[in-house]
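# Observations on chain architecture
Below are the chains, spelled out letter by letter.
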Amino acid sequence: MLQRFGEEDPTLQDHELLEVLLFGAIPRKNTNGIAHDLLSAFGSLYGVLHATLSQLCTVSGIGKSAASYLRSVGMIYDRIEKARDTFPDKFNLGAFSSYLTEHYKGLGEESLEVFCLDANERVRMNKRFTSRKSDAVKVTTEEFSAFLVSSRCHGIVVAHNHPDGSCLPSREDERFTAQISMLCSMHNIRFYDHLIVGKDGVYSYFSAGRMEEIRLNYNFTTFLGES
């Protein structure tokens, strides 16, 4: 069963998926019959995961621990549905600006976000770096490079905030943007944009027409003198 699940077999039935889920709640026991009984009692996977703890415990083989496990999965499902559109769907300046303005609202410390994009420019994950200081966030080259390798992303959008100041880039921001461009070129990752959120709005290196120049001037090939 786990082999079929690992291969994402499309023929897996509802009771088989529930059986795999129950492996984590009821170890070392055949859960096939329990899965069938749960679906019979509550009608569907949705019904099983949204039944109350007391209702779940009326099914033979389901104790308080297994019931809590199933209910927690249902709660996670609900929160995923609510947060489905948390990130901007694709690399789009308007969508990112709106999201980041709301995202950083009320945040008193400077924070750095790295959004990972796939080949279709869709946001797949986000990594936040913070130093718990209001005026600075420090990320080492090793730390950032390790994240780029582990994320296996096609491209990135970098964003950070100036909690108490203008969105215009500082000298440190300019240096940091150049460093990120160099690291991305070393890992064959496209650097789409660096956005800065301040009290007066959002600054975008891409919108300002600077990203192409930065990518050309700060890349590993140029550094080696090959172009």
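For the structure itself, look to the data block above.
The present account deals with the structure reproduced in this document.

### Re the overall build of the chain
- The number of helices and strands found in the chain is 11 helices and five strands.
- Relative to its length of 227 residues, the chain is extended, with a C-alpha radius of gyration of 24 Å against a globular reference of 17 Å.
- Expressed as lengths along the three principal axes of its C-alpha atoms, the size of the chain is roughly 70 × 40 × 30 Å.
- The long-range fraction of contacts in the chain, counting pairs at least 24 apart against all pairs at least 6 apart in sequence, stands at 57%.
- Carbon together with sulfur atoms contributes 51% to the accessible area of the chain, which is approximately 13100 Å² in total.
- If the 24 positive side-chain charges of the chain are averaged to one point and the 29 negative ones to another, these points end up 5 Å apart.

### Structural notes on helix α3 (residues 32-42)
- All of the buried residues along α3 are Ile34, Ala35, Leu38 and Leu39. Down the axis of α3, the smallest arc covering the buried residues is 135°, so these residues share one side.
- Where α3 terminates, the next one or two residues include glycine 43, which has phi positive at roughly 85°.

### Digging into the nonpolar core
- Counting residues in each nonpolar core, the largest one holds 22 residues, and the members touching the most others are Phe144, Leu148, Ile156, Val158, Ile180, Cys184 and Phe191.
- Counting residues per element, the ones that place at least two in this core are β1 (111-117), α8 (141-151), β3 (155-161), α9 (171-186), β4 (190-198) and α10 (211-217).
- Counting residues per element, this core draws most heavily on α9, at four residues.
- Setting aside its immediate chain neighbours within four residues, cysteine 184 contacts Leu148, Ile156, Ile189 and Phe191.

### Topic: the packing of aromatic side chains
- With the rule as written, the count across this model stands at 10 aromatic pairs.
- Considering the side-chain rings of tyrosine 46 and tyrosine 77, the 6.2 Å spacing of their centres and the 80° angle between planes classify their relative orientation as edge-to-face. Within this pair, whereas tyrosine 46 is found in helix α4 (residues 45-49), its partner tyrosine 77 is found in helix α6 (residues 64-82), the two being separated by 31 residues in sequence.
- Taking the relative accessible area as the measure of exposure, tyrosine 77 reaches 37% and is therefore partly exposed.
- Residues phenylalanine 91 and phenylalanine 206 carry aromatic rings whose centres are separated by 5.4 Å and whose planes lie at 75° to one another, so their mutual orientation is edge-to-face.

### Description of the packing of helix α2 (residues 14-23) against α6
- α6 packs onto α2 with a crossing angle of 115° between their chain directions and a minimal axis gap of 10 Å. With respect to the hand of their crossing, α2 and α6 are arranged in right-handed fashion. Contact residues: α2 offers Leu18, Leu21 and Leu22, while α6 offers Tyr69, Leu70 and Val73.
- Of the residues contributing to the contact of α2 with α6, the split by class is six nonpolar, no polar and no charged.

Reading guide: rules and limits
- Residues numbered from 1 in each chain as written.
- Predicted model: local features only at pLDDT ≥ 70, side-chain atom pairs only at ≥ 80, totals over all residues.
- Heavy atoms only, no water.
- Helix = DSSP H or I, 4+ residues; strand = E, 2+ residues; numbered from the N terminus.
- Rg over C-alpha atoms; globule rule 2.2 N^0.38 Å.
- Contact = heavy atoms within 4.5 Å.
- Areas by Shrake-Rupley, 256 points an atom, 1.4 Å probe, with all protein chains shown as cover.
- Lys, Arg positive; Asp, Glu negative; His and termini not counted.
- Charge placed at Lys NZ, Arg CZ, Asp CG, Glu CD.
- Buried < 20%, exposed > 50% of the residue type's maximum accessible area, 1.4 Å probe, protein only.
- Arc of directions from axis to C-beta.
- Core = buried A, V, L, I, M, F, W, Y, C linked by side-chain atoms within 4.5 Å.
- Phe/Tyr/Trp six-rings, centres within 6.5 Å; stacked < 30°, edge-to-face > 60°.
- Axes fitted to C-alpha atoms, helices over the stretch in contact; angles between N-to-C directions.
- Left-handed = near helix turned anticlockwise from the far one by under 90°.
- Nonpolar A, V, L, I, M, F, W, Y, C, P; charged D, E, K, R; others polar.

Function cannot be read off these values alone, since they describe shape.
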